[in-house]
Amino acid sequence: MSKRYSSDKMKKLVRDIYSAYGFNDQQAQQVADTLIYTDMHGIASHGVQRMVMYDHFIQNGKVRVKSQPEIVTETDVSAVVDGHFGLGSLIGTYSMNVAIEKAKAHGVGIVATRNSGHYGIAGFYANMAADQGLIGLSSTNSRPAMLPTHALQAFVGTNPIAFAMPAKPHNFIYDAATTTVPQGKIEVYRKLEKDLPAFWVAKEGDEEINDHTDDVDLDALRDPYSHVGLTPLGGVEEATGSHKGFGLGMIVEVFSAILSQGNTSPEITPEDLQVGPSQSFIAIDPSIFGNPDAIIKKFSDYLQQIRELPARPGKTIYVHGDKEAIAYDDRSKNGIVVDDKTLAEVTGIADRLGVTYGDLTE
């Protein structure tokens, strides 16, 4: 079951938890902002639901509380950042800020980051740029989860790609895994005891990879050698476009792991303390192409034309960012949605760390 909770009270609890871990006040606030931003926009798979995984990583030393990101290679328009295995959301915020500064000074900023951690939703970082009038992109690799087209073993990560651009009435934000769904969404469905839709997960059959919709063992799904994996965008066959999602996942590897000379997806394991995901952060100033106000207006008009197209009966045409804006308005008025199991995980962490909290509802 899921209930509504005060976003402000939940954000304070998250901030206090990360302060208790040993992060400074600014860092704890940044983490809380990132996680609650995600829940405010209706993306339950990567909001406070992720805190139990981060807690495990902090406890076993995979996330190093005192680490600071470092620029190891730099030009006017590019940089390689070593995250030194800090918390992914802090490394991601630092890296995108570097890209934004370079874009404002030189028109373009491209940062490839290695030795990072799970950084939440890629769209948060792309939207950091859009909120400052820039075009933003971000992507990250992950441990193996995707079955490459015709392969019997997971090898590529979920490898999301996010793109954000200023527009009216709100920013355009595209954020999607290159698998059919991110692994976090599988976890949410399991917590809610919901059946998985077709073509999310596949497993080895007698002679081929088959769609798998019954109970999925999450441990098996996390094991790249289990012959259970997430399908690429397009499913398991070339006829339905499986190779397209697979190809996009490999492009993410180039901009994150290859350019940074960090870990590729098959080199990442959850428990190895010496490896972490690689990420990319790009900011582009639209003024290098002309009047930025005119560019944004043209884009906004284009998006509105799409919204006003004839729609199937009973359906609404949304462009990317519309549903998130609707969710944000709803949660601003009514609170964020958190399922009972996730709430128990978060309050359990608080109890262990001695963090006090009261009624978290509105």
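Residues numbered from 1 in each chain as written. Predicted model: local features only at pLDDT ≥ 70, side-chain atom pairs only at ≥ 80, totals over all residues. Heavy atoms only, no water.

K.L.:
Can you explain the overall build of the chain? Please cite residues and give values.
P.N.:
Tallying secondary structure elements over the chain gives 11 helices and 12 strands in all. Taking 21 Å as the expected radius of gyration for a compact globule of 362 residues, we find that the chain reaches 20 Å, a close match to that expectation. The C-alpha extent of the chain, read off along each of the three principal axes, is 55 × 55 × 50 Å. Across the 362 residues of the chain, 51% fall into the buried class. Contacts in the chain between residues at least 24 apart in sequence constitute 69% of all its contacts with a sequence separation of at least 6. Here the chain displays about 16600 Å² of accessible surface, and carbon together with sulfur accounts for 54% of that area. (Helix = DSSP H or I, 4+ residues; strand = E, 2+ residues; numbered from the N terminus. Rg over C-alpha atoms; globule rule 2.2 N^0.38 Å. Buried < 20%, exposed > 50% of the residue type's maximum accessible area, 1.4 Å probe, protein only. Contact = heavy atoms within 4.5 Å. Areas by Shrake-Rupley, 256 points an atom, 1.4 Å probe, with all protein chains shown as cover.)

K.L.:
Would you mind going over the sheet that holds strand β7 (residues 172-176) in detail, with residue names and values included?
P.N.:
What the 7 strands build is an open sheet, ordered β2-β3-β4-β11-β5-β6-β7; its pairing is mixed. Looking at which strands have only one partner, the edges of the open sheet turn out to be β2 (70-74) and β7. Pairwise comparison of adjacent strand axes, ignoring direction, gives a mean angle of 15° for this sheet. The sheet contact formed by strand β3 (residues 78-82) and strand β4 (residues 108-114) spans 5 bridges and is parallel. Note on β4: the bridge partner recorded for Val81 is Thr113. Taken strand by strand, helix α8 (residues 242-260) contacts β3, β4, β5 (135-140), β6 (161-165) and β11 (279-284), and its axis lies near 85° from that of β4. (Pairing = 2+ DSSP bridges. Axes fitted to C-alpha atoms, helices over the stretch in contact; angles between N-to-C directions.)

K.L.:
Describe the packing of aromatic side chains, listing the residues and the values that go with them.
P.N.:
Scanning all chains against the criterion turns up 9 aromatic pairs. For the pair Phe163 and Phe172, a centre-to-centre distance of 6.1 Å together with 70° between the ring planes defines the contact as edge-to-face. Accessibility expressed as a relative area gives 25% for Phe163, which makes it partly exposed. Owing to a relative accessible area of 13%, Phe172 belongs among the buried residues under this scheme. Of the aromatic side chains, those joined through ring pairs into one cluster are Tyr37, Tyr119, Phe124, Tyr125 and Phe281. (Phe/Tyr/Trp six-rings, centres within 6.5 Å; stacked < 30°, edge-to-face > 60°.)

K.L.:
Requested: an account of the packing of helix α3 (residues 51-60) against helix α11 (residues 340-353), with residues and values cited.
P.N.:
Running from N to C, α3 and α11 cross one another at 35°; their axes reach a closest spacing of 9 Å. Residue-level contacts link Met51, Val52, Asp55 and Gln59 of α3 to Glu345, Val346, Ile349 and Arg352 of α11. Considering only residue class, the contact of α3 with α11 consists of 4 nonpolar, 1 polar and 3 charged. (Nonpolar A, V, L, I, M, F, W, Y, C, P; charged D, E, K, R; others polar.)

K.L.:
Can you explain helix α4 (residues 88-106)? Please cite residues and give values.
P.N.:
Relative to the 27 Å expected for 19 residues at 1.5 Å per residue, α4 spans 27 Å between its end C-alpha atoms, a close match to the ideal helical length. Immediately downstream of α4, the backbone of Gly107 shows phi near 95°, a positive value. (Expected span 1.5 Å × (residues − 1).)

K.L.:
Provide a residue-level description of the confidence of the model for the chain, including the pertinent values.
P.N.:
On average, the chain scores 91 in pLDDT, and the residues at 70 or more come to 91%. The least confident element of the chain, judged by mean pLDDT, is strand β9 (residues 209-212) at 50; the most confident is β11 at 99. Contacts for the low-pLDDT stretch residues 205-209, under 50 throughout, to residues beyond four places or in other chains number 9 contacts. (pLDDT = per-residue confidence, 0-100.)

K.L.:
How would you explain the side chain of Glu253 if you had to name every residue and give the values?
P.N.:
Positionally, Glu253 belongs in helix α8. Buried charged residue Glu253 carries no salt bridge. Nearest counter-charge: Arg143, at 12 Å. In this structure the side chain of Glu253 is engaged in a polar contact, spanning 3.1 Å, whose partner is the side chain of Asn141. Those residues in contact with Glu253, other than ones at most four positions away along the chain, are Asn141, Val156, Gly157, Asn159, Ile258, Thr264 and Ser265. (Lys, Arg positive; Asp, Glu negative; His and termini not counted. Salt bridge = Lys/Arg side-chain N within 4 Å of Asp/Glu carboxyl O. Polar contact = N/O pair within 3.5 Å; in protein donor to acceptor, adjacent residues only side chain to side chain.)

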